[in-house]
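What the coordinates show
Now for the letters of each chain:
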Amino acid sequence: MSKYSGTNLATLAPAEVKQWIDSYDTVLTDCDGVIWVENNPLPGATDVVNRFIADGKKLFFVTNNSTKTRPEFVEKAVRLGFNVTIDNIISTAYLAAQYLKNVNFTKTVYVIGSTGITKELDAVGIRHIGVGPDTLTGTLADTVSQFVPDPNVGAVIVGFDEHFSFVKMMKAASYLNDPDVLYIATNTDERFPTPNRVIPGTGSIVQAVTTCSERQPIVMGKPNAHICDIIRKEYHVDPARTLMIGDRCNTDILLGKNCHFQTLLVETGIHNAADLAKFASSDDPATKALVPDVYLAKLGDLMAYF
C-alpha cells in the first residue's frame, strides 16, 4: 500500500496486514469514536489496545478533551477494561499545564474551561482563576465597570466550557489586550454532532475569544504538531514507526500527517469511507491531505490479524 492512499485494510491479504502491524512500534489513538463512545467501549477495541500493549508497543491515548485530568482518564479507561496507566495518557489539559511549566510561568492563568484544566495546573503549582459560571448580574455597563482585572494574570487558557458567557469573553479579551499575556487554546474542534442536535465544540469558544481579542492562540491539541514535540522529546519515538489512529480526518489524521506518522482511520466516529472518496477527489491540496494511509470499519477488526 502507498502513503495517503486511503486503502481499506479489509481488502488486503492477512499477511499484508500483519506486515503493516509489524511496521510500527508506537501507537497513538484518539478516544471518543475510536475506542469508546461515552461510557461504552467499542466492539473489540479493548482487545486490540491491550494486545498492542502486550506485544510491547508504546501506546498513548491522545485526546483533545480538556474536561478531564489524566488520572480521570485512567480511571475511566481501566473501568472499561483497558490496561493503561497515567503514562499512557496525553490530554490537552495536561499539555497546556506542561507548556506553562516548561516556559517557567510564575503568574496567574485566567481559565475559560473546566476543572480538567485547573487540576492539571494545580499539579504543576500554577495559580488560576475563572472556572465556573460568570454571567451578567445587572446591566452590561455595570458588569464592565465592576470588573477589576487581576494584575498578576499572565496567561489565558481557553478550553471547553459549558458556562461560557459574554462576561467570560470580555474578561479574556481584556487580559489578552496586553501583548505579554500568553494565549493558549486546548484545541479547536468545531462541534460534537449528536442525533438531531449539535453541541458547539471548544473551537467555537476559541474563535469567539480570538475575534474579540484580535489575537491568535497557541493550540495544544490535534492537529497541532506541539504533541509531536512532546512525544519525541519525552518518549524518543521514531515518527516513521509510529501509527496515529483516529475517527476524524481534520484532527487525528492531520496530526499524523503533520508529525510524519502512519495513519489509520476507523469508521466508528466522524468520518467514513465516503468522506475519504470526497477528500481524495478534491483539487484542494489541503483537503487531499485529509486522506489517511488506511482505514477500517472499526478498530476491533484488527484482532483477526494478530
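Presented here is an overview of the structure given in this document. What you see is a predicted model; the values in this text were computed from it and never measured.

**Points about the sheet that holds strand β7 (residues 108-112)**
Two strands in a sheet stick together by hydrogen bonds in their backbones, pointing the same way (parallel) or opposite ways (antiparallel). In space, the 5 strands of this open sheet follow the order β8-β7-β9-β10-β13, with parallel pairing throughout. Whereas interior strands pair on both sides, the edge strands pair on one side only; in this sheet they are β8 (127-129) and β13 (218-219). In this sheet, strand β9 (residues 153-158) lies alongside β7 in parallel orientation, the contact comprising 5 bridges. Residue pairing in the sheet places Ile112 in a bridge with Val158 of β9.

**Some thoughts on the pattern of salt bridges**
Summed over the entire model, instances satisfying the criterion amount to 12 salt bridges. With a closest N to O distance of 3.1 Å, Asp55 and Arg51 form a salt bridge. Judged by its relative accessible area of 43%, Asp55 is partly exposed. Between Glu75 and Arg79 there is a salt bridge, and its shortest N-O distance comes to 3.2 Å. Taken together, the residues span about one helical turn, with Glu75 and Arg79 both in helix α3 (residues 70-79) at a distance of 4 residues. Three or more residues are tied together by salt bridges with common partners; here these are Asp30, Lys222 and Asp252.

**A look at the state of the cysteines**
According to the stated counting rule, one finds 1 disulfide in the structure shown. Two residues share a disulfide in this structure: Cys228 and Cys259, whose sulfurs sit 1.4 Å from each other. Taken together, the residues Cys228 in helix α9 (residues 226-235) and Cys259 in helix α10 (residues 249-259) connect sequence positions 31 residues apart. As a non-bridged cysteine, Cys249 has Cys259 as the owner of its nearest cysteine sulfur, 16 Å distant. According to the relative accessible area criterion, Cys249 is buried, its value standing at 0%.

**What about the environment of Val167?**
Within the secondary structure, Val167 sits in helix α7 (residues 166-176). Classification of Val167 as buried rests on a relative accessible area of 2%. If we ignore the near neighbours within four places in the chain, the residues touching Val167 are Asp134, Thr135, Leu136 and Thr143.

What counts and how
Residues numbered from 1 in each chain as written. Predicted model: local features only at pLDDT ≥ 70, side-chain atom pairs only at ≥ 80, totals over all residues. Heavy atoms only, no water. Pairing = 2+ DSSP bridges. Helix = DSSP H or I, 4+ residues; strand = E, 2+ residues; numbered from the N terminus. Salt bridge = Lys/Arg side-chain N within 4 Å of Asp/Glu carboxyl O. Buried < 20%, exposed > 50% of the residue type's maximum accessible area, 1.4 Å probe, protein only. Disulfide = S-S within 2.5 Å. Contact = heavy atoms within 4.5 Å.

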